[in-house]
Amino acid sequence: MAMLIPRHLLLVPFLILLTASCERQAFRADDRAYYIESADGARTLRVAWYGDTMLRLQTAHDDEPWLPDDHYEMVQTHDWASDIKVGVTDRHIVMGSPSLEVAVDRRTLAARFSLRGDARPVLQEQAGVSRDGDVRIVRFEPNDSERFTGLGHGYFARADSLELTGTVIERNYGKVPIEQAPLIVPFYLSSLGYGVFLNSTFPNRFVMNAEGSYSMAIDTHGFDAQMDYFFIGGPELQDVLDRYTQLTGRPRLPMKAMFGLQLSDKGHDHNSETPSDQQWWQDKITEHRDAGLPLDHVVNDNRWRAAGGKRCESKIEWDPERYPDPAAWKNWLDEQGLVATLDFNRCIARFSDGWDPAFNLPPIDNIEFADSAPDLTNADFRNWFWRIFYEKSLDPSLAFPGDALWIDEFDEQGAAPLDIVLANGRSSAEMRNYWFFLIAKALVADGWDRSDIDRRPFVWVRGMTAGAQRYATLWSGDIKPNDEDMAAQVRAMQLAGLAGFPYWGHDAGGFFDWDKGVGPDESLYQRWAMAFGSFAPVWKPHGMGQSRWPVDRSKDSLATALDYARLRYALMPYLYSAAHEAAESGLPITRPMLLEYPGAEEAWQHDLQYFFGPDLLVIAPVNNADAQAWLPAGDWYSLWDGHHYPGNQVVNLQDDKNVMPILARGGAIIPRREYAKSTAFIDKTRLIIDVYTGADGEYRLVEDDDRTEAYRDGERRITWLRYDDAKRELTIEAADGDYAGAPEYRDITVNVIEPGSRQTIPTRRASVKRTERVQLREEPGSE
């Protein structure tokens, strides 16, 4: 039994305890943490609680000074309240909250973590943190029944599996230019109901129960560093993810337009006849819309820029020939319900106004475009980087286009030696994994958020770092148009969600096959660029070789594009509510099966299927063959034709579109809108509700002004939709909250889908401030 120690007795320089062998041991506390010194004085363990479900462990060797809390900013805040009791036994110092207990071995400083209610520890260090040269390592006791997922994704988002068990992973910045788009998030989840976050940017290595070993290490390369990690308790994996994004920051919600279709000028020939000028865009958009297709986001790729309009021959400024009047161009975009991205390739930095060669890293021969290779720790560079965008386009007084920033090629500076010292006094070994965080913070927290721009920021970078989700997101680089890379993106998209990046993007359909010199063929275009792409968080078909515009593809591809465009835009209230949930709780839009069913073997095996929002199950069409899918227990319905499938089985699905099966679970309540060619044109007075019978269900519909940050101050409307299967009754509760431009009534149509039938309840007009109950009774003549 532990002897409890009042906290006030620990608020002294050191409380001297005696170990079982009568060795002297120092133990104390301050207002932030507890400190336990090993009996030989060689190591000190610092334990800090972050609420009742998370705690931080840091180990210092040989009187090293503790790194300050703000040494890194991956953790958003260190100000947490907790209710902790401390006790001492012969072998352990025990600290516990109502949710979690940690017992520290008084001899080895090894920590053992237990969730309240569990008889056995879920995680146990073997012997505390050790040093092996420049490597700091903590080894854990392996558990043969334990499974792991997470750790972001590697270069080009080429993920072979969601499961990490049995693997050795290094999640670090690349060493050569071709290692694009790493998602450097040293955070993983365990099937036992906990997560671990490594709070260090030094090169890392994780051994996940591989060959009987389970460990986590950093390589300091001779510089000052400490093993510093967080234990995050569950027990549900969704709770772990929620707490991780409380710790490192909630994802930043984009404007609704960012969830509409995005198309670029990349796929056509940049010659004198197709110059990507304002007229080209207007003609192309008109042709696209005349074909019945929607568009929200104009993605500018190089040609908007002056002084050449090429990837590495241009500068940040509107080209006076292709865009003689940017303000008029913005007016046209606004009238068409469109937003625009401005892109930046690192190689043009030196040509842009105000560039200072002093921004560069020390001279390095083997970095491409070394004269445009900035040191991201240089505060003067970061200030310049935001200022050039603001002064050339984003300043509201200019009234120029610019709603998002696309930041390219900052993942290609890996040849910089690890031992060089950067502008902030730290080493390249420590800072390279932090590069993307510094970019995101410079452009958003220190730029956009401090400006007079009235729109939400949306910044996407080729690579990201833990914690930067509160500012920006990423896309996965120049991936290949083949089924192998498509399958990898399906998995990486889910891993990104588990890393706190729910608005992850990729070039749907693949960017380019450099060996074959082509983009996606028609089959891949239909299955990936249109089908899977439309059920990713961000829908951006983009790349070289062939045009990605549906009107430039085959007749069958155009028909497929129309099917999926209409479906995604009709589902926009469902998608946008899921996007809000991601910003509030970290629960991603695209959710792995294992997040909901961590104890099911099938959930770990079937990682090419995922939930889109809470209730739609998507089976990615990777090989254009019959799609094998695992259906958990319950009722399942094809979203296309309502065909019913019983759950608790693995089935081959061939949907009638012959492209991608999508199923709704029994009890699902799916809100829809009438189709519009831009999210800006969606009629919010019309609400269509599809109810899938077989179980009770509920859905939280979230609405706001779609553009500004006012939702963060409570200007939003929440409507709960609840279905009682036994009573066959749908309740539409009175809306809570308001926002600028919100309608006061809705015209509501309800569709009831059950095995073998579909019924439509006649449209009714209802005040948003009044609860409505709709009886869903089967009528003669139902479809």
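Given the structure is predicted, the values throughout are model-derived calculations rather than measurements.

A. Here's a closer look at the confidence of the model for the protein. Within the protein, residue pLDDT values average 93, and 94% of them lie at 70 or more. Counting interchain partners and residues more than four positions distant, the pLDDT-below-50 stretch residues 16-20 has 16 contacts.

B. Representation of the packing of helix 2 (residues 278-290) against helix 3 (residues 326-335). It is at 11 Å that the axes of helix 2 and helix 3 come closest, and there the two elements cross at 10 degrees. As judged from the angle between their axes, helix 2 and helix 3 are roughly parallel. Contact residues: Gln278, Trp281, Gln282, Ile285 and Thr286 in helix 2; Ala328, Trp329 and Trp332 in helix 3. Across the contact of helix 2 with helix 3, the residue classes tally to five nonpolar, three polar and no charged.

C. Seen up close, the state of the cysteines. Enumeration over the complete set of coordinates arrives at one disulfide. In this model, cysteine 312 is linked to cysteine 347 through a disulfide, with the two sulfur atoms separated by 2.1 Å. Its torsion about the S-S bond being -85 degrees, the disulfide of cysteine 312 and cysteine 347 is classed as left-handed. Here the residue cysteine 312 occupies a position in the loop between strand 23 (305-306) and strand 24 (315-318), and cysteine 347 occupies one in the loop between strand 25 (339-345) and helix 4 (379-394), the gap between them amounting to 35 residues. Considered together, cysteine 312 and cysteine 347 belong to a single accessibility category, that of buried residues.

D. Geometry of the pairing of strand 34 (residues 635-638). Looking at chain direction, strand 34 and strand 35 (residues 644-646) are connected through three bridges and run antiparallel. Bridge pairing links tyrosine 637 to histidine 644 in strand 35. Two successive antiparallel strands, strand 34 and strand 35, enclose a turn made up of five residues, where glycine 642 displays a positive phi of approximately 80 degrees. When strand 34 meets strand 37 (residues 662-665), the two strands line up antiparallel, connected through three bridges. Paired with serine 638 across the strands is leucine 663, a residue of strand 37.

E. Up close: the pattern of salt bridges. Here the structure, examined in full by the defined rule, presents 62 salt bridges. In this structure, aspartate 552 and lysine 284 form a salt bridge, with 2.7 Å as the shortest nitrogen-oxygen distance. Linking aspartate 552 in the loop between helix 8 (522-534) and helix 9 (555-570) with lysine 284 in helix 2, this pair joins segments that are 268 residues apart in sequence. Aspartate 552 sits in the partly exposed class, given a relative accessible area of 38%. With relative accessibility at 11%, the residue lysine 284 sits in the buried group. As a salt-bridge pair, arginine 462 and aspartate 478 come within 3.9 Å of each other at their nearest N and O atoms. Here aspartate 478 lies in the loop between strand 29 (473-474) and helix 7 (483-498) and arginine 462 lies in the loop between strand 27 (459-461) and strand 28 (464-465), a separation of 16 residues in the sequence. The same class applies to arginine 462 and to aspartate 478, which are both buried. Each of Asp408, Asp411, Glu412, Arg462 and Asp478 takes part in a single network of salt bridges with overlapping partners.

F. Seen up close, the environment of leucine 663. Within the secondary structure, leucine 663 sits in strand 37. A relative accessible area of 2% places leucine 663 in the buried class. Separated by 21 residues in sequence, leucine 663 and glycine 642 have C-alpha atoms that sit 8.5 Å apart. Those residues within four positions of leucine 663 in sequence are excluded, and the remaining contacts are Asp615, Leu616, Leu617, Ile619, Leu631, Trp636, Tyr637, Ser638, Leu639, Tyr645 and Leu653.

G. Structural detail: the sheet that holds strand 31 (residues 609-612). As summarised here, the arrangement of the six strands in space is 30-31-32-37-34-35, forming an open sheet in which the pairing is antiparallel. Each edge of the open sheet is held by one strand with a lone partner, namely strand 30 (590-592) and strand 35. Each strand axis lies, on average, 35 degrees off the axis of its neighbour in the sheet, ignoring direction. For strand 32 (residues 616-619) and strand 37, the ladder comprises three bridges, and the chain directions are antiparallel. Across the sheet, residue leucine 616 finds its bridge partner in strand 37, namely alanine 664.

H. Structural context of the side chain of arginine 455. For arginine 455, the location among the structural elements is in the loop between helix 6 (435-443) and strand 27. A polar side-chain atom of arginine 455 sits 2.8 Å from a polar atom in the side chain of aspartate 403. Not counting residues within four places of it along the chain, the set of residues in contact with arginine 455 comprises Met255, Gly402, Asp403, Trp448 and Arg707.

Criteria and thresholds
- Residues numbered from 1 in each chain as written.
- Predicted model: local features only at pLDDT ≥ 70, side-chain atom pairs only at ≥ 80, totals over all residues.
- Heavy atoms only, no water.
- pLDDT = per-residue confidence, 0-100.
- Contact = heavy atoms within 4.5 Å.
- Axes fitted to C-alpha atoms, helices over the stretch in contact; angles between N-to-C directions.
- Helix = DSSP H or I, 4+ residues; strand = E, 2+ residues; numbered from the N terminus.
- Parallel < 35°, antiparallel > 145°, perpendicular 65-115°, else oblique.
- Nonpolar A, V, L, I, M, F, W, Y, C, P; charged D, E, K, R; others polar.
- Disulfide = S-S within 2.5 Å.
- Buried < 20%, exposed > 50% of the residue type's maximum accessible area, 1.4 Å probe, protein only.
- Pairing = 2+ DSSP bridges.
- Salt bridge = Lys/Arg side-chain N within 4 Å of Asp/Glu carboxyl O.
- Polar contact = N/O pair within 3.5 Å; in protein donor to acceptor, adjacent residues only side chain to side chain.

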